[in-house]
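# Breakdown of the fold
Here is how the chains run, residue by residue.
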Amino acid sequence: MADRTSNQMWGGRFAAGPDAIMEAINASIGFDRRMAAQDIAGSRAHAAMLAATGVISDSDAEAIREGLLTVLSEIEGGTFAFSTALEDIHMNVEARLKALIGEPAGRLHTGRSRNDQVATDFRLWVRDQLDAAERGLIALMRGLLAQAGAGADWVMPGFTHLQTAQPVTWGHHMMAYVEMFGRDLSRMRDARARMNECPLGAAALAGTSFPIDRDMTAAALGFDRPCANSLDAVSDRDFALEFLGAASICAMHLSRFAEELVIWSSAQFRFVALSDRFSTGSSIMPQKKNPDAAELIRAKVGRIFGANTALMLVMKGLPLAYSKDMQEDKEQVFDAADALMLALAAMEGMVRDMSANRAALAAAAGAGFSTATDLADWLVRVPGLPFREAHHVTGTLVAMAESRGCDLPELSLADMQSVHGAITADVFGVLGVENSVGSRQSFGGTAPVRVREQIGIWEARLG
């Protein structure tokens, strides 16, 4: 009676009782099949090493190698029958290998455990994602460099608090994102270098008594060295956390840029036009062109941030070495990687296709008293006013222009001298936005000459 009552509580999905529940919660093949190529690569390297060290025969190693290639071909061809009862990708591959080659398949697992096997597979998979992220970032940065080069001297408003601050150049704004994504690129490369150690051979947690050659398997799989501590090797998921951390910061940068593209492409700004390839229309309003790709990139951040937090919470309370909790380390990483790669590709496409509206940028650059700081600087540089006094004089002139509904260059010299007698006609030479951006030639400044220098530096870095 108790079993029947329990079964009703579990519902139709688990009518078979506890065995069905255990299979459902324990199995990971539904998602870790994505690591099939990495699992087979690790097994091939392990088998070759076992033969080289005399642990298994050359004939067994050859049979294993050929069998694994057949399994890989079946998986890539879509003919492989995955089994939930076999729990994970490792057991699925091994079972199929045994069906293909018989007894030699049983020798493949000599000197290793699923603990070091999954740690190796997962590192290989994450390493591939770091490489893919590097390629995506470089492609995006090259697109930004092309935009910066085309508009190195195009004036536009710079903002603080989303209020007009000082004029900058389109090229300078694009190069700000090159710097940001350049840091993301550096983080991906740093993470890759740090994680490039091989867990294979750590076995369950204590190493193995077989005379294995861990340097051989590490080299075969492209790792720099074996992990130095067997306990740490099977326990560590820092490599996945570093990837998610770097991905989170990168996604935040993508989201900030996406937000600007949403704003800039609006009818109120008209700073950029996004191509039809990365926009959609409205089902009811024929005039609409929606920046959906940018909006979706902005939303992807939540998935990536969530994945980072989820894995932190999985790992935070685990004692050494392996715990089954760590099966929950993959789905969120897979999802975050998918989201990041898609967002990078979409942003690159938008950047390469978008057209900046030079006239709208220039018109906005001259509005909102954007050259007020240039006026204050001139008052310090030429008449020699203390900056605080120059700031006060400029504020008074801004208030005067605002009350008259005009901009600073439209005030007369007499108007300006009524506030401070030291102002001369030379001041009008700094009030134009072109003069403003051209004068800001300090290192890292917005002057076109500095923008072009930075473009050249980054083009050389990226090769």
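Residue positions are counted from 1 within each chain, in the order its sequence is given. Predicted model: local features are reported for residues with pLDDT of at least 70 only, side-chain atom pairs are reported and counted for 80 or more only, and whole-chain, interface and lining totals are derived from all residues. Think of the side-chain values as coming from all heavy atoms in the structure, minus any hydrogens and water.

### Let's talk about the overall build of the chain
Check the secondary structure of the chain and you find 20 helices and six strands. Expressed as lengths along the three principal axes of its C-alpha atoms, the size of the chain is roughly 100 × 55 × 40 Å. Evaluated residue by residue, the chain yields a buried proportion of 48% over its 463 residues. Here a residue-residue contact requires only that any non-hydrogen atoms of the pair lie within 4.5 Å. Partitioning the contacts of the chain with sequence separation of at least 6, the portion at a separation of at least 24 is 73%. Surface exposure here means Shrake-Rupley accessible area, sampled with a 1.4 Å probe, where a residue is shielded only by the protein chains that are shown. Accessible area for the chain stands at about 21300 Å²; split by element, carbon and sulfur atoms hold 53% of it. Each charge class in the chain can be summarised by its mean position, and for the 43 positive and 56 negative side chains these summaries are 2 Å apart. Runs of H or I in DSSP of at least four residues are treated as helices and runs of E of at least two as strands, each being numbered from the N terminus. Note on classification: 1.4 Å probe, protein chains only; a residue is buried when its accessible area is under 20% of the maximum for its type, exposed when over 50%, partly exposed between these limits. His residues and chain termini do not enter the charge count, which takes Lys and Arg as positive and Asp and Glu as negative. Note that the charge is assigned to NZ on lysines, CZ on arginines, CG on aspartates and CD on glutamates.

### Concerning unusual backbone geometry
A cis amide bond links Leu320 to the next residue, Ala321, at an omega of 10°. In this structure, Ala321 sits in the loop between helix 12 (292-315) and helix 13 (331-353). Non-glycine residue Glu87 carries a positive phi angle of around 70°. Notably, His161 is not glycine yet its phi reads approximately 60°, a positive angle. One can find His161 in the loop between strand 1 (155-160) and strand 2 (163-169).

### What to know about helix 11 (residues 238-264)
Between its terminal C-alpha atoms helix 11 stretches 39 Å, which fits the 39 Å expected from 27 residues at 1.5 Å a residue. In terms of residue burial, helix 11 counts as a mostly covered element, since 19 of its 27 residues are buried. To estimate the expected span of a helix, count its residues, drop one, and scale the result by 1.5 Å.

### Thoughts on the nonpolar core
What is meant by a nonpolar core is a set of buried Ala, Val, Leu, Ile, Met, Phe, Trp, Tyr and Cys residues, joined one to another through side-chain atoms within 4.5 Å. If you look at the biggest cluster of nonpolar residues, it comprises 81 residues, and the most contacted ones within it are Trp170, Phe243, Leu254, Phe257, Trp264, Leu340 and Met347. Elements that contribute at least two residues to this core include exactly helix 7 (114-150), helix 8 (170-195), helix 11, helix 12, helix 13 and helix 20 (448-462). No other element matches the 16 residues that helix 11 contributes to this core. Listed in part, the 21 residues of the second largest apolar core include Ile75, Ile89, Leu97 and Leu108.

### Digging into the packing of helix 8 against helix 20
The interhelical angle for the contact between helix 8 and helix 20, taken along N-to-C directions, is 30°, at an axis separation of 10 Å. As judged from the angle between their axes, helix 8 and helix 20 are roughly parallel. Considering how the two elements wind past one another, helix 8 and helix 20 form a crossing that is left-handed. Along the contact surface, helix 8 presents Gly171, His172, Met175, Val178, Glu179, Gly182 and Leu185, while helix 20 presents Val451, Gln454, Ile455, Trp458 and Leu462. Residue classes follow a fixed rule: Ala, Val, Leu, Ile, Met, Phe, Trp, Tyr, Cys and Pro count as nonpolar, while Asp, Glu, Lys and Arg count as charged, and any other residue, Gly among them, counts as polar. Of the residues contributing to the contact of helix 8 with helix 20, the split by class is seven nonpolar, four polar and one charged. Every axis in this analysis is a line fitted to C-alpha atoms, fitted for helices over the stretch in contact. Angles between the N-to-C directions lie between 0 and 180 degrees. In what follows, roughly perpendicular refers to angles from 65 to 115 degrees, roughly parallel to angles under 35, roughly antiparallel to angles over 145, and oblique to any angle outside these ranges. Two helices crossing with the near one rotated counterclockwise from the far one by less than a right angle form a left-handed crossing, whereas a clockwise rotation gives a right-handed crossing.

### Structural notes on the packing of aromatic side chains
Working definition: rings of Phe, Tyr and Trp (its six-membered ring) pair if their centres are within 6.5 Å, and the pair is stacked with planes under 30 degrees apart, edge-to-face with planes over 60 apart, and tilted otherwise. This model, assessed by the stated rule, comprises 10 aromatic pairs. Between Phe269 and Phe271, the ring centres sit 5.1 Å apart and the planes meet at 80°, which makes this aromatic pair edge-to-face. Assessed through its relative accessible area of 26%, Phe269 is described here as partly exposed. Aromatic rings pair up to connect Phe159, Trp170, Trp264, Phe269 and Phe271 into one cluster. Over the aromatic face of Phe122 sits the side chain of Lys330, whose NZ or CZ is 5.4 Å from the ring centroid. Positioned above the aromatic ring of Trp458, the side-chain terminus of Arg461 is 4.4 Å from the ring centre. Here, a charge over a ring is recorded when the distance from Lys NZ or Arg CZ to the ring centre is within 6 Å and its angle to the ring normal is within 35 degrees.

### Let's talk about the pattern of salt bridges
The term salt bridge refers to a side-chain nitrogen of Lys or Arg lying within 4 Å of a carboxyl oxygen of Asp or Glu. Tallied over the full model, the rule gives 25 salt bridges. A salt bridge links Arg107 to Glu103, with the shortest nitrogen-to-oxygen separation between them at 2.8 Å. With relative accessibility at 58%, the residue Glu103 sits in the exposed group. In this structure, Arg192 engages Asp131 in a salt bridge whose closest nitrogen and oxygen atoms are separated by 2.5 Å. Of this pair, Arg192 sits in helix 8 while Asp131 sits in helix 7; the two residues are 61 residues apart in sequence, bridging distant segments of the chain. Taking the relative accessible area as the measure of exposure, Arg192 reaches 24% and is therefore partly exposed.

### A word on the environment of Ala360
Note that Ala360 resides in helix 14 (residues 358-365). Each C-alpha atom of the pair Ala360 and Phe271 lies 5.9 Å from the other, and the pair is 89 residues apart in sequence. Once residues lying within four places of it in the same chain are set aside, the contact partners of Ala360 are Phe269, Arg270 and Phe271.

### Focus: the side chain of Thr120
Along the chain, the position of Thr120 falls in helix 7. Residue contacts for Thr120: discarding those within four places in its chain leaves Cys198, Pro199, Leu200, Leu221 and Phe223.

### Concerning the side chain of Ser113
If you trace the backbone, Ser113 turns up in the loop between helix 6 (89-101) and helix 7. In this structure, Ser113 is in contact with Ala203 and Ala204, ignoring residues within four places of it in sequence.

### Side note on the environment of Ala414
Along the chain, Ala414 turns up in helix 17 (residues 413-417). For the pair Ala414 and Glu103, spaced 311 residues apart in sequence, the C-alpha separation works out to 100 Å.

### Overview of the pairing of strand 1
Where strand 1 meets strand 2, five bridges bridge the pair, whose relative direction is antiparallel. Paired with Met156 across the strands is Val168, a residue of strand 2. What sits between the antiparallel neighbours strand 1 and strand 2 is a turn of two residues, in which His161 has the positive phi angle 60°. Should DSSP find at least two bridges between two strands, the strands are regarded as paired.

### A look at the confidence of the model for the chain
The predictor's confidence in any single residue is recorded as pLDDT, a number from 0 to 100. Scored by pLDDT, the chain comes out at a mean of 91, with 94% of its residues at no less than 70. For residues 1-11, every residue scores under 50 in pLDDT, and the model assigns this stretch six contacts once sequence neighbours within four places are set aside.

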